[in-house]
Amino acid sequence: MQQKINEITKKALEEISKTQDKQQLILVNSKYLGKNGELSTLMRGLKDVSSEERPKIGAILNEARDTILNSVKQQEDSIENKILEEQIKNEFVDITTPVKPLKQGTMHPIEIVQRDLINYFIEQGFTVQDGKEIESDYYCFEALNVPKDHPARDAQDTFYFDAERLLRVHTSATQIRTMENNTPPIKMISTGRVYRVDEVDATHSPMFSQFEILVVDKNVTMSDLNGTLEKLAKHLFGEKAKIRLRPSYFPFTEPSVEVDATCTHCGGKGCSVCKQTGFIELLGAGMVHPNVLRNCNINPDEYTGFAAGLGLDRIAMIKYGIDDMRELYDGDINLLKQFK
Amino acid sequence: MIVTYKWLNDFVDLKDYTPKQVAQTFTSIGYEVDEMRELYKGMERVVIGKITKITRHPNADKLQICQINIGQKKPVQIITAATNVFEGAIVPAALDGAELPNGKIIKTSNMRGEESQGMLCAGEELCIDDSVYPGAMVDGIMIIKEQDIKDIPLGTNISVLLGMDDVIYDLSVLANRPDCQSVKGLAKELAAALNLPLKDASFKYKAQKLDMPLSLEVKDEDCPYFLCCVVKDVKLGPSPMWMQQRLKLIGLKPKNNIVDITNYVLWELGQPLHAYDYEKINGQSIIVRKAKKGEKLIALDDKEYQLTPNITVICDAKGPIGLAGIKGGAEYSVNDNTKTIVLESAAFKRESIRKTSRSIGLRTDASGRYERGVTPVSCVAGLDRALALIEQLKIGKISNEMISNTSVDTKGKNISFSIDYIKKLLGIEIPEMDIIRILGNLGITATIKGRKLNCLTPAIRTDIDGPNDIIEELIRYYGLDKLNSTALETTSFVKGGNSQKQSLRNTVIDSMMLTGAHQIFSYSFISPKQLDKLLIPQDSALRNYMQVKNPLSLDYSIMRTQLIGSLLEVVNYNLMHKNTNFALFEVANTYDNPTDTTALPQEHTILAYIDVKEDANFFTTKSIVEMLAQNLGLTLNYKVANISYLHPNISADIIWANKVIGHIGKVNPKVTKNFDINKDCYYFDLNLDVVPQKKTKKIKALPKYPASVRDMAVVVEDHVASGDMLNVIKKTAGDTCESVELFDVYKGAPLKENQKSIAWKLTFRKQDTTITQQEVNELFNKVLEALKTQFGAELR
């Protein structure tokens, strides 16, 4: 019996090792281990073996079955590996083939600058306020201390719908709405489109975007304005950037200043971009006029504030070296796709 | 405002300051220098010389050797080819080292064996013409007239003779400083900045009784002050060289001594003046009033102006003789035969002059000053200065009768406040000594008592109104660079954050970027023609727009009520520039036109998208909308729509919470044609106003039990909308149905012509136990039954 088992095992292992594919292997497998397989038949015959020998023969039979099973498994692995190797051998790409990159969309340069400034100021505790583009004379001029006969109120400078309604000329209109609806401390920014009667050319546009900054609290000084803007210039143009304040005039701030930053192009040495001055105009700013605070029921004896407004188009143009303002509004894909 | 270095020197001694330092000082106190032009550039080595001797060149027929006296012991020898020179001629001589305005460099050289130590110059080589020096444009060397160098020694720089030994500054003067629209006003600021004393011009003259009667009546509130004076025996003629040269430098053409004096004073003191011919004034009376309907006037520019009742005019007994503050009447102003003049020096309200100037389309140097603001105090100074110049030039007898409508209030304003407020506003302290000095320099009388600062301003400083104005003057001259650089360290803590609108904008733009589209910014105002191109019906709400009253042109005249038109224009721009295969989007406002004309319109934030890529279709576009909807937390429905600018069979309203919040579809080919676009465009827009704030959602627990998936292909008639089927499937299958996905639409054999097969993949899962096949079968049949009854669907 034992010898027979050994012979079957030997034969089975031999046949297994000769199989070329899975089909053959399955046949061999059932020839020995199948329902009527040779080994299975022997196993069924175990009941005829004497009870003394039965455990011994049983153990040998089980061992033989495991040996064959293992061998089938191994052979199966080796056949599958051969198939995979064949497959791998046949699979090939020319990795140098040029492809079309997955196209990413782009943000408009004004949007990029705008969002960057919003994030910068939010980090410093400023709150974003939404404004209206079509405004009333009151919010755009009257409450901002712009005298009735001020040239800015003229139809030469402002687009009107009727005597009372107009397209805002600055985001400063939002200052009033904010101060009316909030009490100090106020630290707000607001941004959006503004409109002025300017023919379209390389440096003018009847529509552009502005960014407004307003702080009203006890102990807000012009030195705070200076420091805030200095940090802003560094944020926009790098650590080396410096600012220069020049006296200016806006009806809603007093004192008022025009703020220049060192020219990013030449670093302040003087070049064609800065018209040899070493500085580029950055924004207008000043201390909130006491009349403006009064108009919003804020006591100017108790509170002071500063305000600043900068043109986002201008910043975008300086930052990205765009020298014709029209390019911001033409929507030419060749320009837009560069803002990854 | 143009001023010159030498003219400023009349009022402040600038000898210790170079022209460049003067420019820097102006910049630091708020006067932007738009241009600085050194007129003598290129003339530094060109002097006035006299030819003492001419000899023929021994080796060249066409050359002459000139000996030139340039005021030194030895003459210089210069060889010239010019033929118009002669012994005794006075000429400009460029010496060795000169670099002429035209770029030519002059060196001592050997010309055919003879030394030439320079070059005699033609007017052209000095870049001047007859308007600068009569005769400068002669063919050959410029010959200087003997009488012109009476007071100028030989060897003097040529620029002195030409009045070009000067520097021109073009300065921007801030709108609130009408008092600085003049040489004196700017010199005053300069003197204060440099801590130098201010010199003044002469206002002195002798007056006499003339017996030239003139009455004055001012009937118009827009003329707060009118002052005039008669001058007789006027000797008209050219004004002196120095005055002509200055007027030329600032760009004015000299006319005659009287007109030149009025212009000179306008520039020097900022006071507009006008000279009338006394004899032409009917009834010896001047009346200032509003024009009557139908009146007209031919002004000095020889144009006839139709006057309207809101225009202030200067009249005589018969009618208008001048447009107040703008221009005089031609017939009534100084002319060649004038013997007696009336000099007007008046103040008019700035708004009135501005409106008139705009309405008649005439802007003059005078109207420009009035638009900024002219005070009565300045009227008196202006007239006195003009009369002093008349006396200086000895060209008339001045009446001792000053005729005016009212007296002048010369008092300024009293402003007092605690000096602690200076630190409160600026964050730095300014020493008391500096406060007194700075304000004193500006003509503001200041005293400090205890902690109180008392100021008395000069009447001419109409811009100073309160403590902040005084502090602005202080920091302007103390130096803005002395401010500290603090950054709100002492203010209260505020949390800060984005507005809902702005963060929504960010989310939308970030999502759109993922689609490969480019963001654009287009103008908020459009041409009404765009609405026609979009085939918008006449009764559509999109035609109810806000109209700009004073647009730049028709193209920018109405506020847009939709964004698609602007997008199509940008698409057209790109196609014209041979850019293809792109998608664009914009997030911008549209504007209502409220029926209540006193109300401000609603502004809606709209996202609009257009796709002209080759592979774009309705479904690619819709999948972008769905991606957005997921990001914004919206569940959308679509409903067949009728939108003029979209394809009638390929378009839909986008519905959320039973509201139309957008549109999607292929752009109507008729519309694309109207925009000269020869490509298919796919479009959608979404109104972002309705999007609710996105809430933080807790995640769904991960499934614990396996799902069971069934496919269901059903045949329906063509017109059945898959969206409607989807809703029925979801409703019928209930919560156990985890997802329903459309994965195939088939048309063709063996189906009938008007049929389609739609294949759905239904995923079933239970949260608490494994779903049984029986349960799945029941749900599957229930769904099929519902589709049968509602859409006549048959299992394929």
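The rules behind the values
Residues numbered from 1 in each chain as written. Chains lettered and ligands numbered in written order. Predicted model: local features only at pLDDT ≥ 70, side-chain atom pairs only at ≥ 80, totals over all residues. Heavy atoms only, no water. Helix = DSSP H or I, 4+ residues; strand = E, 2+ residues; numbered from the N terminus. Rg over C-alpha atoms; globule rule 2.2 N^0.38 Å. Buried < 20%, exposed > 50% of the residue type's maximum accessible area, 1.4 Å probe, protein only. Contact = heavy atoms within 4.5 Å. Areas by Shrake-Rupley, 256 points an atom, 1.4 Å probe, with all protein chains shown as cover. Lys, Arg positive; Asp, Glu negative; His and termini not counted. Charge placed at Lys NZ, Arg CZ, Asp CG, Glu CD. Axes fitted to C-alpha atoms, helices over the stretch in contact; angles between N-to-C directions. Parallel < 35°, antiparallel > 145°, perpendicular 65-115°, else oblique. Nonpolar A, V, L, I, M, F, W, Y, C, P; charged D, E, K, R; others polar. Buried area = accessible area lost by both parts, 1.4 Å probe. Salt bridge = Lys/Arg side-chain N within 4 Å of Asp/Glu carboxyl O. Polar contact = N/O pair within 3.5 Å; in protein donor to acceptor, adjacent residues only side chain to side chain. Expected span 1.5 Å × (residues − 1). Arc of directions from axis to C-beta. 1 Å grid on protein atoms, 1.4 Å probe; cavity = no way out; pocket = protein on both sides within 12 Å on 5 of 7 lines; lining within 4 Å. Points joined across faces, edges and corners; volume = space filled by probe spheres on them. Pairing = 2+ DSSP bridges. Core = buried A, V, L, I, M, F, W, Y, C linked by side-chain atoms within 4.5 Å.

Asks: Looking at this structure, how should I read the overall build of chain B?
Replies: From N to C terminus, chain B includes 19 helices and 38 strands. Over its C-alpha trace chain B gives a radius of gyration of 42 Å, far above what one expects of a compact globule, namely 28 Å for 796 residues. Taken over the C-alpha atoms alone, chain B extends approximately 125 × 80 × 65 Å along its principal axes. In chain B, buried positions account for 52% of the 796 residues. Considering only residue pairs separated by 6 or more positions, chain B has 69% of its internal contacts joining residues 24 or more positions apart. When the accessible surface of chain B is summed, it comes to about 37700 Å², and 50% of that surface belongs to carbon and sulfur atoms. One way to put it: in chain B the 98 positive side-chain charges average out to a point 2 Å from where the 96 negative ones average out.

Asks: How should the overall build of chain A be read in this particular structure?
Replies: Scanning chain A from N- to C-terminus turns up 12 helices and nine strands. Compactness check: chain A gives a C-alpha radius of gyration of 42 Å against a globular reference of 20 Å for 340 residues, more than 25% above the reference. The principal-axis extents of the C-alpha atoms in chain A amount to approximately 125 × 45 × 45 Å. Of all intrachain contacts in chain A linking residues separated by at least 6 positions in sequence, the fraction that spans at least 24 positions is 65%. Summed over its atoms, the accessible surface of chain A is roughly 16300 Å², and 50% of this surface lies on carbon and sulfur atoms. Within chain A, the 51 negative side-chain charges are centred at a point lying 8 Å from the centre of the 42 positive side-chain charges.

Asks: Hey, could you run me through the packing of helix α2 (residues 19-28) of chain B against helix α4 (residues 183-194) of chain B in this one?
Replies: Helix-helix packing is described using two parameters, namely the angle between the two axes and the distance between the axes. All names here are of chain B. Viewed as axis vectors pointing N to C, α2 and α4 meet at an angle of 95°, and their least axial separation amounts to 10 Å. In this view, α2 runs roughly perpendicular relative to α4, as classed from their interaxial angle. Where α2 abuts α4, its residues V22, T25 and F26 lie against L186, L190, A193 and L194. Broken down by class, the residue content of the contact of α2 with α4 amounts to six nonpolar, one polar and no charged.

Asks: How do you make sense of the interface of chain A and chain B when you look at a structure like this?
Replies: Quoted interface sizes are often the accessible area lost when the parts come together. Residue-level contacts link 93 residues of chain A with 90 residues of chain B. For the chain A and chain B pair, buried surface summed over both sides reaches about 7700 Å², with 54% attributable to carbon and sulfur atoms. Linking chain A with chain B are four salt bridges, by the criterion used here. Put simply, E586(B) and R193(A) hold a salt bridge, and the shortest N to O gap is 2.8 Å. Counting across the chain A and chain B interface gives 48 residue pairs in polar contact (both at pLDDT 80 or more). The element contributing the most residues to the side of chain A that touches chain B is helix α8 (residues 222-237) of chain A, with eight residues. Per-class residue counts for the side of chain A that touches chain B are 36 nonpolar, 26 polar and 31 charged.

Asks: Could you clarify how one ought to interpret unusual backbone geometry in this entry?
Replies: Excluding glycine, most residues fall at negative phi; most peptide bonds, likewise, are trans. With an omega of -5°, the peptide bond running from E254(A) to P255(A) counts as cis. Within the secondary structure, P255(A) sits in strand β7 (residues 253-262). The linkage connecting A749(B) with the following residue, P750(B), adopts the cis geometry, with an omega of 5°. Positive phi, normally seen in glycine, also occurs at N145(A), with a value near 70°. With respect to the helices and strands, the residue N145(A) is situated in the loop between α6 (137-140) and β3 (165-167).

Asks: Is there a simple way to think about helix α2 (residues 22-33) of chain A in this case?
Replies: Each α-helix winds once per 3.6 residues, and so residues spaced three or four apart point in a common direction. Residues and elements named next belong to chain A. A rise of 1.5 Å per residue sets the reference length of α2, with its 12 residues, at 16 Å; its end C-alpha atoms lie 16 Å apart and thus fit the reference within 8%. Within α2, the full set of buried residues consists of L25, V28 and Y32. Down the axis of α2, the smallest arc covering the buried residues is 65°, so these residues share one side. Residues of α2 that are exposed and point more than 90 degrees away from the buried face comprise Q23, I26 and L27. Taken together, the buried residues of α2 touch α1 (2-18), α3 (38-44) and α4 (54-90). Two to three positions downstream of the cap, the backbone nitrogen of Q23 sits 3.2 Å from a side-chain oxygen, assigning the N-cap of α2 to D21.

Asks: Would you mind going over empty space enclosed by the protein with me for this structure?
Replies: A water-sized probe rolled over the atoms picks out the places where empty space is left. One pass over the structure, following the stated rule, counts four cavities of 30 Å³ or more. Looking at the largest cavity, its volume works out to about 330 Å³. Residue assignment for the lining of the largest cavity shows that the elements contributing at least two residues are β4 (186-195) of chain A together with α13 (500-514), β29 (583-591) and β30 (603-611) of chain B. Of the residues in the lining of the largest cavity, the class split is four nonpolar, nine polar and seven charged. Roughly 120 Å³ of internal volume is contained in the second largest cavity. Looking at the second largest cavity, it is lined by 14 residues, and the ones nearest its centre are P178(B), D179(B), G373(B), V374(B) and S378(B).

Asks: What's the story with helix α6 (residues 257-269) of chain B in this structure? I'm lost.
Replies: Between the first and last C-alpha of α6(B) there are 18 Å, a value that for 13 residues agrees with the 18 Å anticipated at 1.5 Å per step. Three or more residues of α6(B) are buried, namely N257(B), I258(B), D260(B), I261(B), T262(B), N263(B), Y264(B), V265(B), L266(B), W267(B), E268(B) and L269(B).

Asks: Looking at this structure, I do not really get the sheet that holds β7(A). What am I missing?
Replies: Paired through their backbone hydrogen bonds, the strands of a sheet run either parallel or antiparallel. Residues and elements named next belong to chain A. The mixed open sheet is built from seven strands, whose spatial order is β1-β4-β5-β9-β8-β7-β6. Edge positions in the sheet fall to β1 (127-128) and β6 (243-250), since each of these pairs with one other strand and no more. In this structure, strand β8 (residues 279-288) lies alongside strand β9 (residues 304-311), joined through five bridges in antiparallel fashion. What sits directly across from A285, in β9, is A308. Where α8 meets the sheet, it contacts β5 (207-217), β6, β7, β8 and β9, and its direction lies at approximately 150° from that of β8. Contacting β4, β5, β8 and β9, helix α10 (residues 312-320) runs over the sheet at an angle of about 55° to β9.

Asks: Help me understand the environment of E44(B), please; the structure alone is not making it clear to me.
Replies: Residues and elements named next belong to chain B. Its place among the elements puts E44 in the loop between β2 (32-38) and β3 (46-56). Judged by its relative accessible area of 43%, E44 falls in the partly exposed class. Along the backbone, E44 and G113 are 69 residues apart, and their C-alpha atoms lie at a distance of 28 Å. Among the polar contacts made by the side chain of E44, one reaches the main-chain amide nitrogen of G42 at a distance of 2.7 Å.

Asks: Just checking my understanding: could you explain the sheet that holds strand β11 (residues 215-218) of chain B for this structure?
Replies: Residue and element names in this part refer to chain B. Strand order in the open sheet formed by five strands is β11-β14-β17-β18-β19, with mixed pairing between adjacent strands. Lying at the two open borders of the sheet, with one neighbouring strand each, are β11 and β19 (327-328). Here four bridges tie strand β14 (residues 285-290) to strand β17 (residues 312-315), and the two strands are oriented antiparallel to one another. Note that in β17 the partner of I287 across the bridge is C315.

Asks: Quick question: what am I supposed to make of the layout of surface pockets here?
Replies: Residues and elements named next belong to chain B. Reported here for the second largest pocket is a volume of approximately 2000 Å³. Forming the boundary of the second largest pocket are 46 residues, of which K622, E626, L636, Y638 and L726 lie nearest the centre. If one sorts the elements of the lining of the second largest pocket by residue count, helix α16 (residues 618-632) sits on top with eight residues. Across the lining of the second largest pocket, the residue classes break down as 22 nonpolar, 12 polar and 12 charged.

Asks: Any chance you could explain the nonpolar core here in plain terms?
Replies: Where a protein is soluble and globular, its nonpolar side chains tend to be buried together. Formed by 179 residues in total, the largest nonpolar core has its most connected members in I213(A), L8(B), L186(B), L323(B), I390(B), I470(B) and F525(B). Each residue touching I390(B), except ones within four places of it in the same chain, is listed here: V231(B), I258(B), I261(B), I341(B), L343(B), I395(B), G396(B) and I398(B). Ranked by size, the runner-up nonpolar core spans 32 residues in total, among them I333(A), I558(B), L563(B) and V571(B).

Asks: What is the right way to read the pairing of strand β12 (residues 225-232) of chain B from this model?
Replies: Every other side chain in a regular strand lies on the same face of the sheet, so the side chains alternate between the two faces. Residue and element names in this part refer to chain B. Here β12 lies mainly inside the structure; seven of its eight residues are buried. Taken together, the seven bridges between β12 and strand β20 (residues 341-347) define a ladder with antiparallel strand orientation. The residue bridging V231 from the neighbouring strand is I341, located in β20. Strand direction decides the pairing type here: β12 and strand β22 (residues 403-404), joined by two bridges, are antiparallel. In the sheet register, L227 faces β22, and the bridge partner there is S404. Bridge analysis of β12 against strand β21 (residues 397-398) gives two bridges, and the strand direction is antiparallel. Each bridged residue has a counterpart across the sheet, and for K232 the counterpart in β21 is K397.

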